[in-house]
Amino acid sequence: MRAIRLPEPPSGSLGTPEIFEGGIYSVIRRAVILGNGFAGSENQSIGLVRALGLSDKQSFYRVTRPKGGINEWLHWLPVSLHKKLNYVIKRICGESRFLKAGARKLVPIAAANGGSSGLSTVLEADAKQIATIARETFEKDGPLLVVASGRDTISLASSIRRLAPENVFVVQIQHPRSHLNRFDLVITPQHDYYPLTPQAQEQIPRFLRRWITPREPPDRHVVLTVGALHRADSAALREAATAWHDELAPLPKPLLVVNVGGPTSHCRYGADLAKQLILSLQKVLPSCGSLRISFSRRTPQKVANILIKELSSHPKVYIWDGEGTNPHMGHLAWADAFVITADSVSMLSEACSTGKAVYVIGAERCTWKFSDFHKSLRERGVVRPFTGKEDISESWSYPPLNDTAEAASRVREALAERGWRLQV
């Protein structure tokens, strides 16, 4: 009897079938985004997942804190401790209008910065639940990419990785301050490492240095960016250009867009900056075709009121009143130049990714790592100070920031080192 000869597995030159490469277990087809309720943080995660090509396969979970009464004074606590303390207070004091906990239910997600996130609902984040999903669906759907951003997501993201280390790849955006080995990858701006520079060390009293983080330089699984990640990629801007064509295309050129943020602990200002901005804008108005102004959620009302009072009656000026669809993405697509207050890393990062002229006002009021961020932008030639002497009709250009795409490339490299890859 002649022996039966089994077929040889295909050789590498002919292409190895997926089953010999680890099969579906090595292919990431889905992502979970962990949000904290702040557009500046959540847009970074949404932007990264979009750059990785997983926007159509993403689920959105949000870490919520108890609200109402004394809870408004407890936001400095870690979110897990805050929830436990809220539970104890409720047991002691009972339910009341002063103690209102966040509900565990599906809630609508607001469109941030004028664009749809592509998500209709947000789920209450639960580390055990997400880790269980990752484990139980691993054989069918492969690994789960988890992308988180913001302080309140740190403990949740690290818990998911601890509970399902073989089934997830966890990316934490923004520096978690300590124990970076809790994550597979950390993506953070270069200026988060400002405390390690000689200038920063001179500003910190010696007895406080051990408490200032980070205390160690970035290791191999830390990805450094210039600014913040965001959703304003070329495809999104093309979509926004179409969506806002009828409103923005007919405007006289050049179109100058002014984005006003709000003061922070390291960029302090108030009515003084508003008055400075008004004087400078009045000087450049003759070289503008149109001027549009938008405020963020952090803009103090007194700052907004001063600008509205002084500029709203000018025929070239339009000030968005906060009603209807946020024009932010449309502004990014159609503006010829931007003026942005120095406090907002996110708005500056988005504008600097367009390659258009970006002017900054208020940088001299910023300290610590914000000052370092502005310095890096100036050295790259992507921003200039706004003085009121500019001719807006004279454009200038630079190599645009490309942080989101570059971070996505590093994620792919890190996945490859683990033997995983994204579905193409």
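Residues numbered from 1 in each chain as written. Predicted model: local features only at pLDDT ≥ 70, side-chain atom pairs only at ≥ 80, totals over all residues. Heavy atoms only, no water.

Student: Please explain the side chain of His 331 as it appears in this structure.
Tutor: When you line up the elements, His 331 lands in helix H11 (residues 328–334). With relative accessibility at 1%, the residue His 331 sits in the buried group. There is a polar contact of 2.8 Å between the side chain of His 331 and the side chain of Arg 292. In this structure, His 331 is in contact with Leu 248, Val 257, Arg 292, Ser 294 and Phe 338, ignoring residues within four places of it in sequence. (Helix = DSSP H or I, 4+ residues; strand = E, 2+ residues; numbered from the N terminus. Buried < 20%, exposed > 50% of the residue type's maximum accessible area, 1.4 Å probe, protein only. Polar contact = N/O pair within 3.5 Å; in protein donor to acceptor, adjacent residues only side chain to side chain. Contact = heavy atoms within 4.5 Å.)

Student: Would you mind showing me how to read the state of the cysteines here?
Tutor: By definition, a disulfide is the covalent link that joins the sulfur atoms of two cysteine residues. Considering all chains together, one arrives at one disulfide under this definition. A sulfur-sulfur separation of 2.0 Å characterises the disulfide bridge that pairs Cys 267 with Cys 366. Its S-S torsion of about 115° marks the bond between Cys 267 and Cys 366 as right-handed, since a negative value means left-handed. With Cys 267 in the loop between strand E10 (255–260) and helix H9 (271–284) and Cys 366 in the loop between strand E14 (357–361) and helix H13 (368–380), this pair connects stretches of sequence that are 99 residues apart. Note on Cys 267: relative accessible area 1%, which makes it buried. The exposure class assigned to Cys 366 is buried, which follows from its relative accessible area of 7%. (Disulfide = S-S within 2.5 Å.)

Student: What is the right way to read the nonpolar core from this model?
Tutor: Inside soluble globular proteins, nonpolar side chains tend to come together where they are buried. Leu 256, Val 258, Leu 277, Leu 281, Ile 293 and Val 358 are the most contacted members of the largest nonpolar core, which has 64 residues in total. Beyond its immediate stretch of four places on either side in the chain, Val 258 contacts Leu 277, Leu 281, Leu 291, Arg 292, Ile 293, Ser 294 and Val 339. By size, the runner-up hydrophobic cluster in this structure holds 26 residues, among which are Val 122, Val 171, Val 223 and Ala 407. (Core = buried A, V, L, I, M, F, W, Y, C linked by side-chain atoms within 4.5 Å.)

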